[in-house]
Amino acid sequence: MAKVKLDRLHLHIVMPSSACFFFFFFSPRSRRVSNSRSFFQPLLHGYFRSSCSWRVRIAFALKGIDYDQVPVNLIKDGGQQLTDQYKELNPMQQVPAVTIDGVTLSQSLAIIQYIEETRPGPALLPADPQKRAKVRMICDLIASGIQPLQNLYVLQKIGEDKVSWAQHFIIRGFVALESLLKETAGKYCVGDEISMADICLAPQVYNAERFKVDVDQFPTIKRLNQTLLALEAFSTSHPSCQPDTPADLRA
């Protein structure tokens, strides 16, 4: 047995990178290592003001995961996400895309759930099945029912009345969300523990404020957002302090 372990260690050093991935992630010892901290630092392709990118930054911060960023400017040169090079990372040509553990993942909720399932740290989903379902319900309401209708690609197709369009769908979604959160919220969206629901909420409130939605009419949403923005994981990942944040928008 000692010789087998030595052989595996030796293979980590001399084999090509593809083989290293295999032995790193599939040997019994390596599984324990990958559950605590990946040998390779994750790489986030995102945009400072993208709410979906911000969700992933919050999750990394909550889990205490160091990562690198590659800015993808959604405006410059017609949109860097539309290049053939980026399309290889994310066929939908959206942000974020995250390279982690030898794979590239897209769609923010899928990325966050992968982080949750492979990394230690605060749980982002409750253990209780009913609470977990409520967290996912809030996430889906925001990620499917609000955010896509006011994202950049949709607004570019609308024409001149972009603000009114965005306000309509944000307010419509917030009416439902406020009602739901009145039933589920404690200190955070679902009870007194941070979850994926909170990760989705703060970026969406940021979008609402960008489009001049009066958040005062949604007191539960406003209270929760203020609580979240006071946390380091949310403040350090905020759009106002990212490597690609324009100087005039920096905190």
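The protein chain is annotated in an unreviewed UniProt entry as Maleylacetoacetate isomerase from Scleropages formosus. Annotation of the protein chain in UniProt includes, under Pathway (unreviewed entry), the sentence "Amino-acid degradation; L-phenylalanine degradation; acetoacetate and fumarate from L-phenylalanine: step 5/6." Turning to the protein chain, the UniProt record has this under Cofactor (unreviewed entry): "glutathione".

Chemist: Would you mind going over the pattern of salt bridges in detail, with residue names and values included?
Modeler: Tallying each qualifying case throughout the model produces three salt bridges. Residue Glu 116 pairs with Lys 63 through a salt bridge whose shortest N-O separation is 2.8 Å. One end of the pair, Glu 116, is in helix α6 (residues 108–118); the other, Lys 63, is in helix α4 (residues 51–63), and 53 residues separate them in sequence. Of the two residues, Glu 116 and Lys 63, both sit in the buried class.

Chemist: Just give me the short version of the packing of aromatic side chains, but keep the residues and values in it.
Modeler: Enumeration over the complete set of coordinates arrives at five aromatic pairs. Taking the centre distance of 4.8 Å and the plane angle of 65° together, the rings of Tyr 47 and Phe 48 count as edge-to-face.

Chemist: Report on the layout of surface pockets, specifying residues and quantitative values.
Modeler: One number sums up the size of the largest pocket: a volume of about 940 Å³. Considering the residues around the largest pocket, the lining is formed by 35 residues, among which Leu 74, Gln 147, Asn 151, Leu 152 and Tyr 153 are closest to the centre. The class makeup of the residues in the lining of the largest pocket is 17 nonpolar, 14 polar and four charged.

Chemist: Tell me about the sheet that holds strand β2 (residues 68–71), and name the residues and values.
Modeler: With respect to topology, four strands assemble into an open sheet ordered β2-β1-β3-β4, the strand pairing being mixed. Two strands close off the open sheet at either side, each with one partner strand: β2 and β4 (103–106). If you compare each strand with its neighbour and ignore which way they point, the axes differ by 20° on average. α4 contacts β1 (43–46), β2 and β3 (97–100) of the sheet and is inclined by roughly 155° relative to β1. Across the face of the sheet, α6 comes into contact with β3 and β4 while running at roughly 130° to β4.

Parameters and conventions
- Residues numbered from 1 in each chain as written.
- Predicted model: local features only at pLDDT ≥ 70, side-chain atom pairs only at ≥ 80, totals over all residues.
- Heavy atoms only, no water.
- UniProt positions renumbered as here; feature names shortened; annotations may be inferred.
- Salt bridge = Lys/Arg side-chain N within 4 Å of Asp/Glu carboxyl O.
- Helix = DSSP H or I, 4+ residues; strand = E, 2+ residues; numbered from the N terminus.
- Buried < 20%, exposed > 50% of the residue type's maximum accessible area, 1.4 Å probe, protein only.
- Phe/Tyr/Trp six-rings, centres within 6.5 Å; stacked < 30°, edge-to-face > 60°.
- 1 Å grid on protein atoms, 1.4 Å probe; cavity = no way out; pocket = protein on both sides within 12 Å on 5 of 7 lines; lining within 4 Å.
- Points joined across faces, edges and corners; volume = space filled by probe spheres on them.
- Nonpolar A, V, L, I, M, F, W, Y, C, P; charged D, E, K, R; others polar.
- Pairing = 2+ DSSP bridges.
- Axes fitted to C-alpha atoms, helices over the stretch in contact; angles between N-to-C directions.
- Contact = heavy atoms within 4.5 Å.

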